[in-house]
Each structure stands twice: as C-alpha cells, then as structure tokens.
Amino acid sequence: MAKMILQVRPVGPWQVNAHVLACPESGESVLIDPGEEPGTLAEMLSGTCAVAILLTHSHADHTGALDAMRTTLRVPVMAHPAFAGGPIDRGLADGATLAVGRHRLKALHAPGHTPDQICIAVAGEESIIVGDTIFQGGPGKTWTPADFKTTLETLRRVVLPWPDDTRCYPGHGRSFRLGDIRRDIESFIARDHGRFCGDAVWEMRGSPGPQ
Ligand SMILES: [Zn+2]
Ligand SMILES: [Zn+2]
C-alpha cells in the first residue's frame, strides 16, 4: 500500500506548520493545525476530500484559522479530550485511532508544553506529527517547573520508544529523524535541571531556575 501523502506549509506570523495527510487510494485527507491563512490551507486540501480537522494542542498560533476552516469544510474537529481551545466534536485520548481512507492515524498523548498536547502518528509508517512536543533543538517551551517535569516524563515514556527512523514533523521549523537527536534527548533527561521552566535546548546544563 502506498504511503500517505504529506504536505507541510508554514502559515501566519509564527510560521506554524500546517499539515495535510491524504490517502492516495481514496483521496480522503485530514488537516492538522489550521494556524492561519485559510486560502493556503484550502489550496493544500484541493483535490482531496477532507474528513476531519485535527489539532495537536490548543495554542492560538495553531488554531487561528480553525473557525474559518470548520465553516468551509463542515467536518468534525478532533483534539485531546482536555482541549482548551474551544468546542471539539471528537476527543482523541491516548491511543485513539482515526481512519483516513485505507490508512489510520493514532493519537499519542504527550503533555508538558500543554496538558492537551498530542502527537499524531501515521500507523504502519515512520511519520509522526509532533506539534510542539519536540523540535530538532529542544523540547517545547514550558511555563512552570511542574510542566517541565511532565515534559521530561513525556520524552522518556512517549518519544524515546519510537524507532530511530521516525520522521518527526514539528509545529515550527524543519522535520528531523529521531535517531539523529536521540543521544541529545537521553543526556538532556539524565541531567538535573532543578526547578527549570521555559525555553530549553538539548545542550542546556545546570539548573538556572525559573525564567
Ligand atoms: Zn504551542
Ligand atoms: Zn506552536
């Protein structure tokens, strides 16, 4: 079976990566993180039949065009059950799956950056839309030491078990292969970061405390 077709386009002032995943056999598709620019998003979806809008988390930069796209597409909006960015039609708890044509997506709860953060994995393929869970240079920003601890737990429990060849598609910036940053993540979580929270990079050392 052919792989799902993935399109990525940075939209809006924060250059959020909007993603479209389409089943090449049926033409069904999902739109992930309608950050801004409804026209760009419609262009990405053209020639496919959208079946859902998915949100990786509730931050405004990822949901700016949600109302516009919900109105034009008239498809269910799906996110984690704890989604804090307005009403949704279906909650995707950890492990929940969604059929897109002959393919299947799976939600993985990845709290830390926000409590409602999910990663969206393409079943049977090594592609995962990770939202703001991780970037090539570090984990997503946190605003309290408790959230940072949750991020460390998510890295350990959710992210590190993925195979090295997993292609991670973040909410901002370029995609990367998990194996290329595995060592960085492992040494990052092995260090004592004290009561840190904020913008972290893998190389960070010591415990600078809350910023
Ligand atoms: Zn975010
Ligand atoms: Zn973001």
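Thresholds applied
- Residues numbered from 1 in each chain as written.
- Chains lettered and ligands numbered in written order.
- Predicted model: local features only at pLDDT ≥ 70, side-chain atom pairs only at ≥ 80, totals over all residues.
- Heavy atoms only, no water.
- Helix = DSSP H or I, 4+ residues; strand = E, 2+ residues; numbered from the N terminus.
- Rg over C-alpha atoms; globule rule 2.2 N^0.38 Å.
- Buried < 20%, exposed > 50% of the residue type's maximum accessible area, 1.4 Å probe, protein only.
- Contact = heavy atoms within 4.5 Å.
- Areas by Shrake-Rupley, 256 points an atom, 1.4 Å probe, with all protein chains shown as cover.
- Donors = N, O, S within 2.8 Å, 3.2 Å for Na, K, Ca; no water.
- Tetrahedral: all angles 85-135°; square planar, octahedral: opposite > 155°, others 65-115°.

Looking now at the overall build of the chain. Broken down by element type, the chain carries 5 helices and 14 strands. Over its C-alpha atoms the chain spans a radius of gyration of 17 Å, differing by no more than 12% from the 17 Å that the globule rule assigns to 211 residues. Taking the principal axes of the C-alpha coordinates as reference, the chain spans close to 50 × 35 × 30 Å. Classification of the 211 residues of the chain by burial places 51% in the buried group. In the chain, of all internal contacts separated by at least 6 residues, the share reaching a separation of at least 24 is 51%. Carbon and sulfur atoms provide 51% of the accessible area of the chain, an area that totals close to 9,400 Å².

The subject of this paragraph is the coordination of the zinc ion (ligand 1). Four donors placed tetrahedrally around a metal ideally meet at 109.5 degrees, and six donors placed octahedrally ideally meet at 90 or 180 degrees. Listed as protein donors to the zinc ion (ligand 1) are His 57 (NE2), His 59 (ND1), His 113 (NE2) and Asp 132 (OD); their distances from the metal cover 2.1 to 2.4 Å. Its 4 donor atoms give the zinc ion (ligand 1) angles of 89 to 169 degrees at the centre, a pattern that matches the irregular case. Read N to C, the donor residues that coordinate the zinc ion (ligand 1) are spaced as H-x1-H-x53-H-x18-D. Taken as a pair, the zinc ion (ligand 1) and the zinc ion (ligand 2) show a spacing of 3.4 Å, with Asp 132 coordinating each metal.

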